[in-house]
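Architecture and fold: a report
Below, each chain spelled out in residue letters.
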Amino acid sequence: MRAYLVLIFFILSLTQAHAWSPHLSGDAHAPETLLVVDKTNQNFLIFSNKSPLRQESLWQCTTGQAHGDKLVEGDLKTPEGIYFLERRITGNHLPFDLYGELAFTLNYPNPVDRIHNKTGHSIWIHGRGKEVVPFDTEGCVAMEMEYMLALEEMVTLRKTPVIITSNLTWEASETASPDSFKITEKSLRWASDWQSGADRYFEYYDPVLFPKSSGQGFEAFKARKKRLFNHYSWMDVYIEHPKVLEGPGYWVSYFGQVFNSPGLYSVGVKRLYWKRNESGGLSIVGEEWRPYPNGYLEEKYLADRAHDLKQVVMRWRDAWLAADVGEYAEFYYRNAVQNDLRGIRAIVDHKKDIWGRGLLPESIDLGEMKVSRSPSGFQVEFNQAYSSVSGYSDYGLKTLVMVPIGNDWLILSESWREFR
């Protein structure tokens, strides 16, 4: 019996020695709230990442009856890696003895798990209607109901990450990871290249591993995306500043995302899963999108776009005032409409005719701009006072509809109504 116990201890020690052992620090690219499950010590920890990193709470929890990372359905193990709280389940939907009165589902298996052919489902963080004892679940993470109710006040579904590990170390000081910085920058460029519909968008993806996580061939993925690029006359991709976490052999960047195009407007959370490729670079091997109707994100999107559009309109006004035909024309979409004029050529010829006859602008004063989203793009309205060197003047309401083409903003339509 003694020899048997020594053998079990040796096996557990060997398993833990090769287990994923994250080291947490005050990384500027990490989320402000970090949830951590320490399987070895059966602890649930909550950290605030506000420079320095600080442990806010430590609660007792229980995890799977079997030790090690989850590999297959029914192995009674709790998975290890980076996961996210997805849905909230309460009350009568739960057997009280096993789940208490509250549960949060996790996104196991995540895209990297699927690459490694891990199976299983219904891994939750939930309460207990009975005593919480160590290593007592079929793979979930369970805690006393008082902790679950406290946790409920701290989390944002689809955005709050959970680190599940067998071994954990941490330090309060801020230590920015070079890889986190690279992935942050690559995520921002990924969004920009998506918006422009550039072929380099596909270079972010691993052509071998991405199909394994997404369930579709890489060429089929490219063909579908290119059809969408060609279908939409414009696309606007807006993302929050990414948060980045390192998992066992992979990284996750995630952020709120707005996609805006003719006929399609969506708000959600995007997660990109990154791994090192054969050349040592970082490639996307999986992605997840979850709908996330959030007034704050939409308000921030509109405010940021309004700021950008107002600057573009002021540059447009300067080009008009300078009577610079070439620069003025660059602000218009090729099929733009300006009152009764249709197409950029007609608009430019009209201005050339006016300015060629010496009817040059002397002053153009714009009032407060109001920016709103419309099915055609963004609408910018303002009062406009115009006067020319010949003594002509008018005052009225100018309305511009503007759309993103690549990484530029162009005028799709322009109308003016005189105030009398």
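Everything below is about the structure printed above this text.
To start, this report covers the structure provided alongside it.

Calculation notes
- Residues numbered from 1 in each chain as written.
- Predicted model: local features only at pLDDT ≥ 70, side-chain atom pairs only at ≥ 80, totals over all residues.
- Heavy atoms only, no water.
- Helix = DSSP H or I, 4+ residues; strand = E, 2+ residues; numbered from the N terminus.
- Buried < 20%, exposed > 50% of the residue type's maximum accessible area, 1.4 Å probe, protein only.
- Polar contact = N/O pair within 3.5 Å; in protein donor to acceptor, adjacent residues only side chain to side chain.
- Contact = heavy atoms within 4.5 Å.
- Core = buried A, V, L, I, M, F, W, Y, C linked by side-chain atoms within 4.5 Å.
- Salt bridge = Lys/Arg side-chain N within 4 Å of Asp/Glu carboxyl O.
- Disulfide = S-S within 2.5 Å.
- Pairing = 2+ DSSP bridges.
- Axes fitted to C-alpha atoms, helices over the stretch in contact; angles between N-to-C directions.
- Arc of directions from axis to C-beta.
- Patch = residues over 30% accessible without salt bridge, like charges linked within 9 Å, V, L, I, M, F, W, Y side chains within 5 Å.
- Areas by Shrake-Rupley, 256 points an atom, 1.4 Å probe, with all protein chains shown as cover.
- Lys, Arg positive; Asp, Glu negative; His and termini not counted.
- Charge placed at Lys NZ, Arg CZ, Asp CG, Glu CD.
- Phe/Tyr/Trp six-rings, centres within 6.5 Å; stacked < 30°, edge-to-face > 60°.
- Lys NZ or Arg CZ within 6 Å of the ring centre and 35° of its normal.

Within the secondary structure, Asp 236 is located in strand β11 (residues 236–239). With relative accessibility at 0%, the residue Asp 236 sits in the buried group. A polar contact of 2.6 Å, which involves the side chain of Asp 236, links it to the side chain of Tyr 301. For Asp 236, the residues in contact, after removing those within four places along its chain, are Gln 195, Val 258, Phe 259, Asn 260, Tyr 301, Arg 305, Phe 378, Pro 404 and Trp 409.

Within the largest apolar cluster, 32 residues are counted, with the highest numbers of intra-cluster contacts made by Val 313, Trp 316, Tyr 328, Tyr 332, Val 380, Leu 400 and Met 402. Those elements giving two or more residues to this core turn out to be α8 (295–321), β16 (332–338), α10 (344–356), β20 (377–388), β21 (393–405) and β22 (408–418). No other element matches the nine residues that α8 contributes to this core. Setting aside residues no more than four positions away along its own chain, Leu 400 makes contact with Val 313, Trp 316, Phe 378, Gln 379, Val 380, Phe 382, Ile 411, Ser 413 and Glu 414. Listed in part, the 24 residues of the second largest apolar core include Ile 183, Ala 191, Phe 255 and Leu 272.

Side chains that differ in sign of charge can pair as their charged atoms come close. For the structure shown, the criterion picks out 22 salt bridges. For Glu 56, the salt bridge goes to Arg 54, with nearest N and O atoms at 2.8 Å. Notably, a salt bridge pairs Asp 236 with Arg 305, separated by 2.8 Å at the nearest N-O pair. Here Arg 305 lies in helix α8 and Asp 236 lies in strand β11, a separation of 69 residues in the sequence. Note on Arg 305: relative accessible area 10%, which makes it buried.

Turning our eyes to something else, we now look at the environment of Pro 262. Structurally, Pro 262 can be placed in the loop between β13 (251–261) and β14 (264–276). Overall, the relative accessible area of 27% leaves Pro 262 in the partly exposed class. The spatial distance from the C-alpha of Pro 262 to the C-alpha of Tyr 232 is 6.5 Å, given a sequence separation of 30 residues. Pro 262 has contacts with Tyr 232, Ser 233, Trp 234 and Pro 375, leaving out every residue within four places of it along the chain.

The term disulfide refers to a covalent linkage connecting the sulfur atoms of a pair of cysteines. A full pass over the atoms with the stated rule returns zero disulfides. Cys 140 supplies the cysteine sulfur nearest to Cys 61, a cysteine that is in no disulfide, at a spacing of 12 Å.

Mapped onto the elements of the fold, Asp 308 is located in helix α8. As for Asp 308 and Glu 153, which are separated by 155 residues in sequence, their C-alpha atoms are 35 Å apart.

Let us now look at the sheet that holds strand β2 (residues 33–38). The sheet built from eight strands is open, its strands ordered β4-β3-β2-β9-β5-β6-β7-β8 with mixed pairing. Only two strands of the sheet have a single partner each, and these edge strands are β4 (53–60) and β8 (141–142). Two strands pair when backbone bridges link them, and strand β3 (residues 43–49) and β4 are joined in this way by seven bridges, in the antiparallel orientation. Each bridged residue has a counterpart across the sheet, and for Phe 47 the counterpart in β4 is Gln 55. Taken strand by strand, helix α4 (residues 145–152) contacts β2, β3, β4, β5 (81–90), β6 (102–106) and β7 (124–126), and its axis lies near 60° from that of β6.

The buried count for strand β9 (residues 161–165) comes to five of five residues, which makes it a mostly enclosed element. Alternating residues of β9 divide into Pro 161, Ile 163 and Thr 165 and Val 162 and Ile 164, and every residue in both groups is buried. Where β2 meets β9, four bridges bridge the pair, whose relative direction is parallel. Opposite Leu 35, over in β9, you have Val 162 as the bridge partner. Strand direction decides the pairing type here: β5 and β9, joined by four bridges, are antiparallel. In the strand pairing of β9, Phe 84 is matched with Pro 161.

Attention now goes to the pairing of β21. Counting buried positions along β21 yields 10 of 13 residues, so the element is predominantly enclosed. Summarising the sheet, β20 and β21 pair through 10 bridges and their orientation is antiparallel. When the sheet's bridge partners are listed, Ser 387 is paired in β21 with Ser 393. Hairpin connection, β20 to β21: the antiparallel pair is bridged by four residues, and Gly 391 has positive phi, about 100°.

All of the buried residues in α4 are Met 145, Met 148 and Leu 151. Buried residues of α4, viewed axially, fall in a sector of 120°; they line one side. Residues of α4 that are buried sit in contact with β2, β3, β4, β6 and β7.

On the surface, Asp 324, Glu 327, Glu 330 and Asp 408 cluster together into a patch of negative charge. Note on placement: Glu 327 falls in helix α9 (residues 325–329). Exposure remark for Glu 327: the relative accessible area of 37% places this residue in the partly exposed category.

So, about the packing of aromatic side chains. All told, the structure shown has 32 aromatic pairs when counted by the stated rule. Measuring from centroid to centroid gives 5.6 Å for Phe 378 and Trp 409, while their planes differ by 80°, and the two rings are edge-to-face. Of this pair, Phe 378 sits in strand β20 while Trp 409 sits in strand β22, placing them 31 residues apart in sequence. Per residue, the accessibility class of Phe 378 equals that of Trp 409, and both read buried. One aromatic cluster in this structure is built from Trp 190, Trp 194, Tyr 201, Phe 202, Tyr 205, Phe 210, Phe 218, Phe 221, Phe 229, Tyr 232, Phe 255 and Phe 259. Above the plane of the ring of Phe 202 lies Lys 222, whose end atom (NZ or CZ) is 5.7 Å from the centre.

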